[in-house]
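What follows is each chain in one-letter form.
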Amino acid sequence: MRKYYQPEIETASREDIIKIQNEKIVKQVQHVYDCVPYYRNLMDQKGVRPEDIRSIEDIKKLPFLTKDDLRDSYPHGLLGTDLKNCVRIHSTSGTTGKRVVAFYTQKDVDMWEECCARAIVAAGGTDEDICQVCYGYGLFTGGFGLHGGSHKVGCLTLPMSSGNTDRQIQFMMDMGATILCCTPSYAAYIGESLAERGYKPEDNKLKAGIFGAEPWTEEMRRSIEKSLGIKAYDIYGLTEISGPGVAYECQAQKGMHINEDHFYVEVINPETGEVLPEGEKGELVFTSLDKEGFPLLRYRTKDICILSRDKCPCGRTHVRMTKPLGRSDDMMVIRGVNVFPSQIETVLLNAGYTPNYQIVVDRVNNTDTFDVYIEFPKEMFSDKISEMQKREQDLKTAMKSMLGISPRIHLMAPKTIQRSEGKAVRVIDKRKLHE
Ligand code: DLL
């Protein structure tokens, strides 16, 4: 069975990777300086000239780009080539402010699809597989990215897009899908829907799932693996840098390999911008080393991660990132305490609840309120009020010990929290709405 999609790159020595990065960065910086006036201005303001960048080490001299820059330069200000050379746009799923729009040349699309093909092979995919893609197709990058990767591997591709769970299940069972690609929250929902229809995990032909686009915990991974009878692999990416496949998990399931021949990664202190040594926790910053349409240099993702160069048993040499441990902007500060939704998910799944929950934060009389709505599984229901109250109290205690503060717990009947077919909405922060 094929172990790698591009072994010569995926297992290249560190020296070879650095050599590739050195060559690419020099060309890319010159190209961006010549073709992207917006970034040229940033470099000029910082007093950096293209000739100051002689190797990847020099990247530290370049200015950062943030989402604000993308908004300020909307729509064409960061385009790296003539619009007529571009063949595609994609856009972020963000709901606030202007959308971020990224442009792709055919070469960019090919490179991106190759990254997704690497991810599919790393999850055990071959040309014998039937790959059901239920990420959304459209402006979102999930559908088209995995779709392109699946074609490159030679899988039989089911371009389902998201939603219509009945049809997803019918195709999955009738066509014998072996690989499932969707958000983890949708995978959980598919698992739940299969069980409701009387299917056991062994009734489907799935062997692997490639899940990403939103945060999910190890507990959620185990719960999905159990409900679908598969191995669940994480995949990471963002529209600004291409889409899914910037990094992906291998059979070791211990962090995601970053495609370092295409994307240079740094971890910085989000407050000071200082580059941190490998192994320290901080904000991920990516540089596209060879993108033509939307060649972002030093783009700050707001995703908080740790990198590791520990040897991976799979033989891949590219650096691994942990699951994003949160975003510098989705950390909630509630009554002065830092809270990440993932901590709440961990408590719930460890206590035997489903991943169907919603967090609501508000401010009443200058005090933060903190409520967590959680569905209890059918088998946990009791018609004794005292028993349900005890469950709520137990959760409260577990949350207090994980977070340092306790939310109000609301146990809800099964199926009362809205399911998501794409990225789940876990947090409703009403404080922001009042501002
Ligand atoms: O979510 C691309 C994607 C599609 C990745 C399909 C994986 C699978 P955006 O909509 O631009 O792109 O959102 C990017 O989503 O900065 C992270 O905060 C979050 N994210 C993406 N993958 C993961 C993951 C796509 N595996 C933003 N774990 C990123 C946690 C993730 N968060």
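Residues numbered from 1 in each chain as written. Predicted model: local features only at pLDDT ≥ 70, side-chain atom pairs only at ≥ 80, totals over all residues. Heavy atoms only, no water.

**Let's talk about the overall build of the protein**
The criterion, for reference: Here a strand is any run of E in DSSP of at least two residues, a helix any run of H or I of at least four, and the numbering for each starts at the N terminus. Note that the radius of gyration is over C-alpha atoms, with the globule rule given as 2.2 Å times the number of residues to the power 0.38. Think of it in three bands: with a 1.4 Å probe and only protein chains considered, a residue is buried below 20% of the maximum accessible area for its type, exposed above 50%, and partly exposed in between. Exposure was quantified through the Shrake-Rupley algorithm and a 1.4 Å probe, taking into account, for residues, occlusion by the shown protein chains and nothing else.
When its secondary structure is counted, the protein shows twelve helices and 21 strands. Computed over the C-alpha atoms, the radius of gyration of the protein is 22 Å, within 12% of the 22 Å expected from 2.2 N^0.38 for a compact globule of 435 residues. Oriented by its inertia axes, the alpha-carbon framework of the protein measures out at about 75 × 55 × 40 Å. Burial analysis of the protein (435 residues in total) assigns 54% to the buried set. Put simply, the protein shows about 19300 Å² of open surface, and 51% of that area lies on carbon and sulfur atoms.

**With respect to the domain arrangement of the protein**
Defined as follows: Where each domain starts and ends follows an automatic or database-derived domain assignment. We call two residues in contact whenever any of their non-hydrogen atoms come within 4.5 Å of each other. In this description, buried area is defined as the sum, over both parts, of the accessible area (probe of 1.4 Å) that is lost when the two are combined.
Along its sequence, the protein is organised into domain 1 (1–328) and domain 2 (332–429). Its C-alpha centre places domain 1 at a distance of 30 Å from the equivalent point of domain 2. With 22 residues of domain 1 at the interface, the matching set in domain 2 holds 16 residues. Between domain 1 and domain 2, roughly 1500 Å² of surface is buried when both sides are summed, and carbon and sulfur atoms account for 54% of that area. Together, Tyr189, Thr217 and Glu219 form the three largest contributors to the area buried by domain 1 at its contact with domain 2, with a combined 28%.

**Side note on the site of the ligand**
Let me state the cut-off plainly: Whether a residue is near a molecule or strand is decided by its heavy atoms; if any one of them lies within 4 Å of it, the residue is near. In protein, a polar contact means a hydrogen-donor-capable atom and an acceptor-capable atom, both N or O and within 3.5 Å, with residues adjacent in sequence counting only if both atoms are side-chain atoms; elsewhere, any N or O pair within 3.5 Å suffices.
If you check the shell around the ligand, you find 22 residues, and the closest are Asp234, Ile235, Thr239, Asp303 and Lys423. Within the side chain of lysine 423, one N or O atom sits 2.8 Å away from an oxygen atom of the ligand. Look at the ligand: alone it shows 610 Å² of surface, and the protein chains cover 94% of it. Taken together, the elements giving at least two residues each to the shell around the ligand come down to helix H6 (141–153) and strand E7 (231–238). Here the shell around the ligand takes five residues from E7, the largest share from any one element.

**Details of the environment of aspartate 44**
Examined against the element boundaries, aspartate 44 turns out to sit in helix H3 (residues 37–46). On the basis of relative accessible area, aspartate 44 is assigned to the partly exposed category, the value being 38%. Taking the C-alpha atoms as reference points, aspartate 44 and threonine 354, separated by 310 residues in sequence, lie 53 Å from one another.

**Comments concerning the sheet that holds strand E9 (residues 256–258)**
Paired through their backbone hydrogen bonds, the strands of a sheet run either parallel or antiparallel. Heads up, the condition is: Two strands pair if DSSP finds at least two bridges between them. Convention adopted: a line fitted to C-alpha atoms gives each axis, helices being fitted over their contacting stretch, and angles between N-to-C directions are expressed from 0 to 180 degrees.
Read from one edge of the open sheet, nine strands run E4-E3-E5-E6-E7-E8-E9-E14-E13, paired in mixed fashion. Where the open sheet ends on each side, the last strands, each with one partner, are strand E4 (156–159) and strand E13 (307–308). Bridging between strand E5 (residues 179–182) and strand E6 (residues 208–212) involves four bridges; their strand directions are parallel. Its bridge partner lying in E6, cysteine 182 is registered against phenylalanine 211. Most of the contacts of helix H7 (residues 165–175) go to strand E3 (residues 130–133), to which it runs at about 175 degrees, and overall it touches E3, E4 and E5. Relative to the sheet, helix H8 (residues 184–196) contacts E5 and E6, its axis offset from that of E5 by approximately 125 degrees.

**Looking at the pattern of salt bridges**
Between side chains of opposite charge, a pair can form as their charged atoms come close. To keep it simple, the criterion reads: When a carboxyl oxygen of Asp or Glu is within 4 Å of a side-chain nitrogen of Lys or Arg, the pair counts as a salt bridge.
Within this structure, the stated rule accounts for 30 salt bridges. Its salt-bridge partner being aspartate 110, residue lysine 152 comes within 3.7 Å of it at the nearest N-O pair. Here aspartate 110 lies in helix H5 (residues 106–122) and lysine 152 lies in helix H6, a separation of 42 residues in the sequence. A residue is classified by how much of its surface remains accessible, and lysine 152, at 29% relative accessible area, is partly exposed. What emerges from the salt-bridge pattern is a single network uniting Glu192, Glu196, Glu375, Lys415 and Arg419.

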